[in-house]
Structures are given as C-alpha cells and as structure tokens.
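# Descriptive structure summary
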Amino acid sequence: MRVDVVSIFPEYFAPLDLSLIGRARANGVLQLAVHDLRTWTHDVHRTVDDTPYGGGPGMVMRPEPWGAALDALAPAEAPPPRLLVPSPAGVPFTQAMAYELAAESHLLFACGRYEGIDQRVLEHAATRMPVTEVSLGDYVLFGGEVAVLVMVEAVTRLLPGVLGNAGSLDEESHAHGLLEAPIYTKPPSWRGHDVPEVLRSGDHGKIARWRREEGLLRTAARRPDLLAALPADRLDKRDIAA
Ligand code: SAM
C-alpha cells in the first residue's frame, strides 16, 4: 500500500520508523512518504494560513499550497488515491473504516492545523478523487498529525503479512462488534489475584464460551452502543441466556 502524508510538521511522523510499522516500511508492505506542505509555497515566509472570511478567531489554511500538493501527489493521469482529511467534524474513524482503508492501494492524508483547511480544497479534490473527513473522536486536537498516526497504525496492522499471527485480528476488540474479554498471563496467582480457573482448565470449549460471555458483559457495561448495534444474527441462544 502507498501512503502519502502532507503536513507542516513532518517531524511528527518519526515514530513511523519504529516497531512493526517500521518493519512494514522496510519490507515494502507499506510505502509511506511524508511531505512538508511548505514545499508548495512560493513566498519568502512560506505562508500556509490566513485570516478567516466572515471573521472569528484563529487562522485558516490557504487553498493554494494544498491545491499544488494534491496536484503533485495525485496527478490527473494516475489512478486517484483516497483522500483522508482528519477533522473533529468528520465521520468517526472505526475498525470497520480501518478495514475499508486497508483494501485501498493508495491513501493520501492531509493534516490540517489552526482552524483547519479552506473547504474549497476538499470540494475541488472531490471532483478528482474520493474524499473523506474523518474524526478520531469527540474532542479537538491541535492538528491532524496525531490522528494520522493513529489511522496509519490501525490500517497497517491489517495489511497482509504485517502481524506475526493474523489470527489475533479475528479475536480482538471490535473484530466482531464486541470488546475482548480480560486477558491474563503467568503467574497463576499474583498479589492475591488469581487467573480465572476456566482459563487453566485446558477445556477449549469452556474457554471459548467464557471469553464470549466476558466479552458480552464488558461490552454491555462499557459500550452498550456497540451491543445495541450488533445484528441479531451475531448473537446465539447461549449469548442471549448469558
Ligand atoms: N475549527 C475546527 C473545528 O472546530 O472543527 C477544529 C480545528 S483543530 C484545532 C485543527 C486540526 O486538528 C483539524 O483541522 C484537524 O486536522 C485536527 N483535529 C482536531 N481534532 C480532531 C479530531 N477529533 N479528529 C481528527 N482530527 C482532528
């Protein structure tokens, strides 16, 4: 997968050289390039922002550098990438969206700063490529860089060959609309707290049932919205009894 990121703070992306993402980049599964938006400015101050039309506090990112950056990274003659623009006013980023993005061949992330990017940049881009404004959650960050780090990590771990054991993707939180059950390792007893007996029983059927029920209980307690959204056919009779 090819990923391009445009930001006025390319240094933010240094962690993408580390750990499994670094390895995915080294072995070519992820071809990631970070670009400085100021490359596409032409004045001596390398200006990327200006005051908002209509008044109000803060500054808005000017369209010209963004337009030139998108023209360079998504040229008309090439297959268009999917443009993702982090914004607290975007649609929520979810594991389902991470799977959707992992199936794309080219993602282009545009990191806003200040009050965000002039909306015409997105309107114009949408005439040439799919554009999605994406929110990480119901809070406001300084800029899109942290949101892009999160999205690139969530997507990269879904790419074939990145995780040592792809089976873990099937058993984790959000894989099937539920949260994962609590997990434990050795020793069996620690500071007076014991690992649940069933997990040491060796009975795989009982362990699977216990995990399912604990996942359901956790989801009901912490994220009733997820449980409410679960299609009825994802629950079996034993789930309903539990
Ligand atoms: N004026 C914007 C608003 O009220 O919707 C907030 C701008 S915010 C200070 C600056 C930039 O941070 C945004 O353009 C976006 O790139 C990023 N950002 C802030 N919060 C975010 C969130 N919850 N999810 C994704 N990106 C966010």
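Residues numbered from 1 in each chain as written. Predicted model: local features only at pLDDT ≥ 70, side-chain atom pairs only at ≥ 80, totals over all residues.

### Examining the overall build of the chain
Basically, it comes down to this: To qualify as a helix, a DSSP run of H or I must reach at least 4 residues; to qualify as a strand, a run of E must reach at least 2; elements of each kind are numbered from the N terminus. Here the globule rule is a power law, 2.2 Å times the number of residues to the power 0.38, and the radius of gyration is based on C-alpha atoms. Residue burial here comes from a neighbour count, namely the number of other C-beta atoms, placed from the backbone, that lie within 10 Å of the residue's own C-beta, with 20 or more meaning buried, 12 or fewer meaning exposed, and in between meaning partly exposed. Once C-beta atoms are placed from the backbone, any two residues with those atoms within 7 Å are in contact.
Regarding its fold elements, the chain presents nine helices and nine strands. On C-alpha atoms alone, the chain measures out to a radius of gyration of 22 Å, which is more than a quarter above the 18 Å that the 2.2 N^0.38 rule sets for 242 residues. Taking the principal axes of the C-alpha coordinates as reference, the chain spans close to 70 × 40 × 40 Å. For the chain, buried positions account for 24% of its 242 residues. Within the chain, contacts between residues at least 6 apart in sequence are counted, and of these 76% link residues at least 24 apart.

### What to know about the UniProt feature "domain: tRNA methyltransferase TRMD/TRM10-type" (unreviewed entry) in the chain
We count it as follows: UniProt positions are given in the numbering used here, feature names are shortened, and annotations may be inferred rather than shown by experiment.
The feature "domain: tRNA methyltransferase TRMD/TRM10-type" (unreviewed entry), as annotated in UniProt, sits at residues 1-227 in this numbering. The span residues 1-227 is 32% helix and 18% strand, and its two end C-alpha atoms sit 33 Å from each other.

### Focus: the sheet that holds strand β2 (residues 31-36)
Let me state the cut-off plainly: When DSSP finds two or more bridges between a pair of strands, those strands are recorded as paired. Convention adopted: a line fitted to C-alpha atoms gives each axis, helices being fitted over their contacting stretch, and angles between N-to-C directions are expressed from 0 to 180 degrees.
One open sheet accounts for five strands, arranged β2-β1-β6-β5-β7; its pairing is parallel. Each having just a single partner strand, β2 and β7 (131-135) make up the two edges of the open sheet. The sheet shows a mean angle of 30 degrees between the axes of neighbouring strands, taken without regard to direction.

### Structural notes on the nonpolar core
We count it as follows: Any nonpolar core is a set of buried residues, restricted to Ala, Val, Leu, Ile, Met, Phe, Trp, Tyr and Cys, that join up through C-beta atoms within 7 Å.
One finds Phe109, Ala110 and Met151 to be the most contacted residues of the largest nonpolar core, which totals 39 residues. Looking at this core, the element that brings in the most residues is helix α5 (residues 145-156), giving five residues. Once you skip the residues sitting within four places of it in the chain, alanine 110 turns out to touch Val6, Trp66, Leu83, Val85 and Ile117.

### Some thoughts on the UniProt feature "binding site: S-adenosyl-L-methionine" (unreviewed entry) in the chain
The feature "binding site: S-adenosyl-L-methionine" (unreviewed entry), as given by UniProt, occupies Gly112, Leu136, Gly137, Asp138, Tyr139, Val140 and Leu141 in the numbering adopted here. With respect to the helices and strands, the residue glycine 112 is situated in the loop between β6 (106-110) and α4 (119-125). Overall, the presence of 25 C-beta atoms within 10 Å leaves glycine 112 in the buried class. Among residues more than four places away in sequence, those in contact with glycine 112 are Met61, Val85, Pro86, Ser87, Ile117, Gly143 and Gly144. Looking at the element boundaries, valine 140 is found in the loop between β7 and α5. Valine 140 sits in the exposed class, given 9 other C-beta atoms within 10 Å.

### With respect to the site of the ligand
Rules: For each residue, a C-beta atom is positioned from the backbone; the residue is called near a molecule or strand if that atom sits within 6 Å of it. In this classification, the charged set is Asp, Glu, Lys and Arg, the nonpolar set is Ala, Val, Leu, Ile, Met, Phe, Trp, Tyr, Cys and Pro, and all remaining amino acids, among them Gly, are polar.
The full set close to the ligand counts 19 residues, and Pro86, Gly112, Gly116, Leu141 and Gly144 are the nearest of them. Sort the elements by how many residues they give to the shell around the ligand and strand β5 (residues 82-92) lands first, with four residues. Residue composition of the shell around the ligand, by class: 10 nonpolar, seven polar and two charged.

### So, helix α2 (residues 63-73)
It helps to recall that an α-helix has 3.6 residues per turn; residues three or four apart then point in one direction. So the rule is basically this: Here, the arc refers to the directions that run from the helix axis to the C-beta atoms.
Along α2, the positions that sit buried rather than exposed are Pro65, Trp66, Ala69, Leu70 and Leu73. One side of α2 carries all its buried residues, which in axial view fall inside an arc of 130 degrees. Where α2 is buried, its residues touch β1 (2-7), β2, β4 (60-61), β6 and α4.

### Here we look at unusual backbone geometry
The omega torsion across lysine 186 and proline 187 is 5 degrees, close enough to zero to call that bond cis. Residue placement: proline 187 occurs in the loop between α6 (168-171) and β8 (189-190). Not every positive phi belongs to a glycine, and arginine 46 is a case in point at roughly 55 degrees. Here arginine 46 lies in the loop between β2 and β3 (49-50).

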